[in-house]
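# Fold and contact review
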Amino acid sequence: MQETFTEVKTNISEPTLAFKGKGSELFSIQIVNIALMLVTLGLYYPWAKAKNLHYIYRKTELAGSPFTFHGTGKEMFIGFIKGIGILAVLYGVLLYGIFNMTPEDMGIYFICLAIFMVGLSLLVPMALHGMMRYRTSRTSWRGIHMGYRGKLGSMYKVFYLNMFLTMITFGIYGAWFTTNLRKEIIGNMRFGNARFSYTGDGGDLLILHIKGYFLTIVTLGIYSFWWAKDLINFYINNILIEQDGKYSRLDSSLTGWQNLKLTLGNLLIMVFTLGLGYSWVVTRTMHTIIHNCVILGEFNPDMLAQTEEEYKNATFEDMADMLDIGLV
Amino acid sequence: MFEGKFYNGRTSKGMPAFIKLEPNYISISWRADDESGNELWHLDQIHTTEFNDNTTVLEYGGFPRQSIAVFEQGFKEALEVKYRGARFIRSKYDSFQKTGVRGLVVGGLSLLVVAVVLFFWGVPALAEKAASHFPVSYERAMGEKLHNQFMHGQKVDSAKTVALQQYLGALNIESDFPIQVTVVKNDMVNAFALPGGFIVVHDAIIDEMENHEELAGLLGHEIGHVQLRHSTKAIARSLSYYMLLSVLFGDVSGIAAVILDNASTFHNLEYSRKAETESDKAGLELLSMNGLNPKGMVWLMERLQTESPEFLKFISTHPNTDDRIKEIERQMKNTSYSSESNPVLEAAWKKLKE
């Protein structure tokens, strides 16, 4: 066999990001998903979710190569069942309290409510941690897996300390809560031998919130699209990537107008299709966010090395959904 | 032979590669700057892939997976010809997409129809079915809790409660639940039933009444609610709506949910009007069972006649009173019996009016 490699160039890939998904393709997946979920009374949900994620990841490209989501419906189903079990017990305790209290004796209700609240607040950090571990381990690009190195103990510490400070400052510290939690989560993310970190400052976020709040009132709500844009950009622009001692960062150029068009468009699609257009909402959103996002710096997508071990545990993947934690 | 990139699973560097499709395996010859190699991929260890991309990506083996990416058109077709029926080219995704725009539109619309049918008939019917199989003791316990909570802070008219209980005792009734009536001091002309047989009557409505047949009709109406388990069914219905919404939209909260939620409220109002009509019928039946004048039901309606205007019918929980009276009179025509006086009931009625 005669082999010639002269025509194949070994160019360095540019670290460009792209989203190639189409609403119609996603719709053709979701229509089957919804039908199967109806037939199985919702039990198909983990498989439906896996199919969705497979598609979204596969259509998201870095340097021309797609991401891959390796998670399976079966893995997530086991997590889903465990999650439902834990939540059912918690809600059972709460309902027990509601049904067994009397106006004269509210004690039982408050005890059950306390158990419920404590249980729920124990679950949130655990769900975040479990979801990050599972989701990153199931994400790969050119065969290189992402990973999450965070410790559950440290997640609890960050979560409760910041929650406490947020409560005693009547919510003002909430901005630092957000940035510190992102520092903990993103700071523990790996992409092969590249490490992520988050540099957002709570003070800056608080200023964005104050500015957004007052300008939204003054402009009768119109500024809210710019406020939301600022929050998205604040999230993305503060993500740093360190690779072999060199730093690069993500940069989002999303504008208020773009965000206004995106949000109003999504709203109209949802209303006029009675929710059936949700697939287009997803692809439009992904498209807008990712096409405004670039990697600035010396990130070299050809120089990533595999560092992660194999990990399979999907217990908290769906728990995060059930608790409605929309973080990543 | 196809040109592509080979990724070895250890680094992200794409190595230029030539890919050859052999009968039982794929052969990959790759070359990087200073090294080169040859890989043989056995078909059974190639992972299932999706093909609707310009780039075809194949993954191989255990963790960490090797992969190839081929940008050349025709690679996908060559794979399908060469390895027809192999596991890794059996796509699970695009089956529906192959139907084209028409298939998607038809599929989407039929899904919408199925959802609407389920939403307005299927799920509520199932929920009601489930509710009617709740154990009587459970419903009684639930009603007792609700009753205790409700009675907190209410002023009970004990004398009238005793009298009403006597009146009830003298009536011939049919119910799965022990009926417990309580008269509370309240100026609103009203009465209602809780699950499990607890009926609360405001003293104002008794003061308004002129004939005891009206009271019998009212009790019949409320016992009808209890017996037909309207409250329990209503709770099951609204719970079922939320469950259906979460199934349909998964983690999508927001607009669609709000729209459907409002739709369910309107539908529930219509349901509750249907429930009132059913209970009116039950009231009429109680009068007939006890040989009381069926006119009692019409008189009762006249007491309840409020000034709520006709156009509010659509958003009201009760049907328009004139409509109720018409319906009752229609049913009265179908029943004929001679009403007689009942001294025990009349004695209890006198005590109530004292």
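Each remark here, short or long, concerns the structure printed above.
A brief structural summary. (Residues numbered from 1 in each chain as written. Chains lettered and ligands numbered in written order. Predicted model: local features only at pLDDT ≥ 70, side-chain atom pairs only at ≥ 80, totals over all residues. Heavy atoms only, no water.)

### Details of empty space enclosed by the protein
Counted by the stated rule, this structure contains 4 cavities of 30 Å³ or more. Elements supplying a minimum of two residues to the lining of the largest cavity: strand 3 (65-69) of chain A together with strand 5 (56-60) and strand 6 (66-70) of chain B. Per-element tally for the lining of the largest cavity: the top contributor is strand 3 of chain A, with 3 residues. (1 Å grid on protein atoms, 1.4 Å probe; cavity = no way out; pocket = protein on both sides within 12 Å on 5 of 7 lines; lining within 4 Å. Points joined across faces, edges and corners; volume = space filled by probe spheres on them. Helix = DSSP H or I, 4+ residues; strand = E, 2+ residues; numbered from the N terminus.)

### Some thoughts on the pairing of strand 4 (residues 36-42) of chain B
Residues and elements named next belong to chain B. As paired strands, strand 3 (residues 25-31) and strand 4 are joined by 7 bridges and run antiparallel to one another. When the bridges of strand 4 are listed, Trp30 appears paired with Gly37. Where strand 3 folds back on strand 4, the antiparallel hairpin that results is connected by 4 residues. (Pairing = 2+ DSSP bridges.)

### Some points on the nonpolar core
Of all hydrophobic cores here, the largest spans 41 residues; its most connected members are Leu62(A), Leu181(A), Phe191(A), Phe196(A) and Phe299(A). For Phe191(A), the contacting residues outside a window of four places in its chain are Leu62(A), Phe67(A), Trp141(A), Ile144(A), His145(A), Met146(A), Phe196(A), Phe299(A) and Leu304(A). Ranked by size, the runner-up nonpolar core spans 37 residues in total, among them Ala163(B), Phe177(B), Val181(B) and Leu345(B). (Core = buried A, V, L, I, M, F, W, Y, C linked by side-chain atoms within 4.5 Å. Buried < 20%, exposed > 50% of the residue type's maximum accessible area, 1.4 Å probe, protein only. Contact = heavy atoms within 4.5 Å.)

### Section: the pattern of salt bridges
The tally for this structure, following the rule as stated, stands at 15 salt bridges over all chains. A salt bridge links Glu25(A) to Lys59(A), with the shortest nitrogen-to-oxygen separation between them at 3.6 Å. In this pair, Glu25(A) sits in helix 1 (residues 23-39) while Lys59(A) sits in the loop between helix 2 (45-58) and strand 2 (60-62), placing the two residues 34 residues apart along the sequence. Accessibility assignment for this pair places Glu25(A) and Lys59(A) in one class, buried. A salt bridge links Arg324(B) to Asp280(B), with the nearest nitrogen and oxygen atoms 2.8 Å apart. Taken together, the positions of Arg324(B) in helix 10 (residues 321-334) and Asp280(B) in helix 8 (residues 255-289) put the pair 44 residues apart, joining distant regions of the chain. For Arg324(B), a relative accessible area of 7% corresponds to the buried category. (Salt bridge = Lys/Arg side-chain N within 4 Å of Asp/Glu carboxyl O.)

### What about helix 6 (residues 212-227) of chain B?
Look at helix 6 of chain B: 22 Å from first C-alpha to last across 16 residues, which is about the 22 Å you get at 1.5 Å a residue. Taken across its 16 residues, helix 6 of chain B has 15 buried, putting it largely inside the fold. (Expected span 1.5 Å × (residues − 1).)

So, to be careful, I would describe these as geometric facts and stop short of saying anything about function.
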